[in-house]
Amino acid sequence: MATISPDIQRSRRAKSATRPGDRIFSGLSKGSGITLLVIMAAIAVFLTYRAALAISEDSTNFFTTFEWNPANTPPVFGIAVLAFGTLVSSVIAMVIAVPVAIGIALFISHYAPRKLAKPLAYVVDLLAAVPSIIYGLWGAIFLVPYLDGLNKWLDQFMGWTYIFDKSQDGVARNLFTVGILLAIMILPIITNVTREVFLQVPKMHEEAALALGATRWEVIRMSVLPFGRSGIISASMLGLGRALGETMAVAVVLSPSFVISGHLLDPGGGTFAQNIAAKFNEANEFGRDALIASGLVLFAITLLVNGAARWIIGRRKEYSGAAA
């Protein structure tokens, strides 16, 4: 008669000893995951259906048209200006926010004394909870007037770069100001996640580097930053997601116009979220379908950005933590 191995016996006993609470928790976890997928699919189907109704009636190319007038006969609307403004303002925000956030996270986790690190981390956490409309009002009342001087300085000394050449007069209600405001808004998000990742670095790695005679900066460069690389990318993508979809703050600060200009200091431009917020109430049924079509593009861009981030993290083992 064949004997049953001890491993199989232990496995059977473990299965028979599964408690009802474990089965309930497992079912709830699976149900939550399935519910999330169903919600995402429902959103995608709704956006695609309503967008198809609008795009089928568009008399021009939806992706290259610089005008937004769905109430016209025939309808004329496109997302070229919105896509340009959304991407440019988000890139400006990321270029400013990511290095500053990494520096703040390193200071809190590895340089600041404990008595200073905790209050500073608390203040950063509070900044993440400030409503976007408050940022928008602060940007319109305080930031825009004070950036006029910076715009003039950039135009005078950096105008040869073309992008900082100011070809139109006006206040600083432009994509450059929007990018700076978005950088301030996403800074606490990136800082909080990055700080928590840096705090998870194994102390043995840092102590081993110090034992070999490494300086504080060399420890950070060789131990902390490589370990936290995937966390930095994830935090940056979270910040980019908010920058892409930010609505009220951009709507309050930006002076919109459907013109694409490489001069970042010129007033005008627009973003997907700002255009939807500004035109949704006054739009008719077809106009709302057109706005939903632009929202579908923003939805697709967000999915592509997150997918690209996951691919970047997973394409090398040391990014994903498999080599840790």
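Residues numbered from 1 in each chain as written. Predicted model: local features only at pLDDT ≥ 70, side-chain atom pairs only at ≥ 80, totals over all residues. Heavy atoms only, no water.

One can describe the packing of helix α6 (residues 175–199) onto helix α9 (residues 229–245) by two numbers: an axis separation of 8 Å at closest approach and a directional angle of 155°. Here α6 is positioned roughly antiparallel relative to α9, judged by the angle of their axes. Pair α6 / α9 crosses with right-handed handedness. Contact residues: Leu182, Met185, Ile186, Ile189, Ile190, Val193, Thr194, Val197 and Phe198 in α6; Gly231, Ile232, Ala235, Ser236, Leu238, Gly239, Arg242 and Ala243 in α9. Each residue belonging to the contact of α6 with α9 can be placed in one class, and the counts come to 12 nonpolar, four polar and one charged. (Axes fitted to C-alpha atoms, helices over the stretch in contact; angles between N-to-C directions. Helix = DSSP H or I, 4+ residues; strand = E, 2+ residues; numbered from the N terminus. Parallel < 35°, antiparallel > 145°, perpendicular 65-115°, else oblique. Left-handed = near helix turned anticlockwise from the far one by under 90°. Contact = heavy atoms within 4.5 Å. Nonpolar A, V, L, I, M, F, W, Y, C, P; charged D, E, K, R; others polar.)

Quick look at helix α2 (residues 20–55) now. In this model, α2 (36 residues) spans 52 Å end to end at C-alpha, consistent with the 52 Å of a helix rising 1.5 Å per residue. Within α2, burial applies to Leu47, Arg50, Ala51 and Ala54. Close packing links the buried residues of α2 with β2 (76–77) and α12 (285–314). (Expected span 1.5 Å × (residues − 1). Buried < 20%, exposed > 50% of the residue type's maximum accessible area, 1.4 Å probe, protein only.)

By the secondary structure assignment, Pro256 is in the loop between α10 (248–253) and α11 (272–279). Separated by 18 residues in sequence, Pro256 and Gln274 have C-alpha atoms that sit 8.6 Å apart. Ignoring anything within four residues of it in the chain, the contact list for Pro256 reads Gly268, Gly269 and Gln274.

Turning next to the side chain of Asp58. Mapped onto the fold, Asp58 is located in the loop between α2 and β1 (68–69). Of the side chains with opposite charge, Lys279 lies nearest to the buried Asp58, which makes no salt bridge, at 14 Å. Sequence-distant contacts of Asp58, defined by excluding residues within four places in its chain, comprise Pro75, Val76 and Phe77. (Lys, Arg positive; Asp, Glu negative; His and termini not counted. Salt bridge = Lys/Arg side-chain N within 4 Å of Asp/Glu carboxyl O.)

Applying the stated criterion across every chain yields a total of five salt bridges. Across the pair Arg195 and Glu196 runs a salt bridge whose closest N-O atoms are separated by 3.0 Å. Its relative accessible area of 7% is what places Arg195 among the buried residues. Residue classification places Glu196 among the partly exposed residues on the basis of a relative accessible area of 37%.

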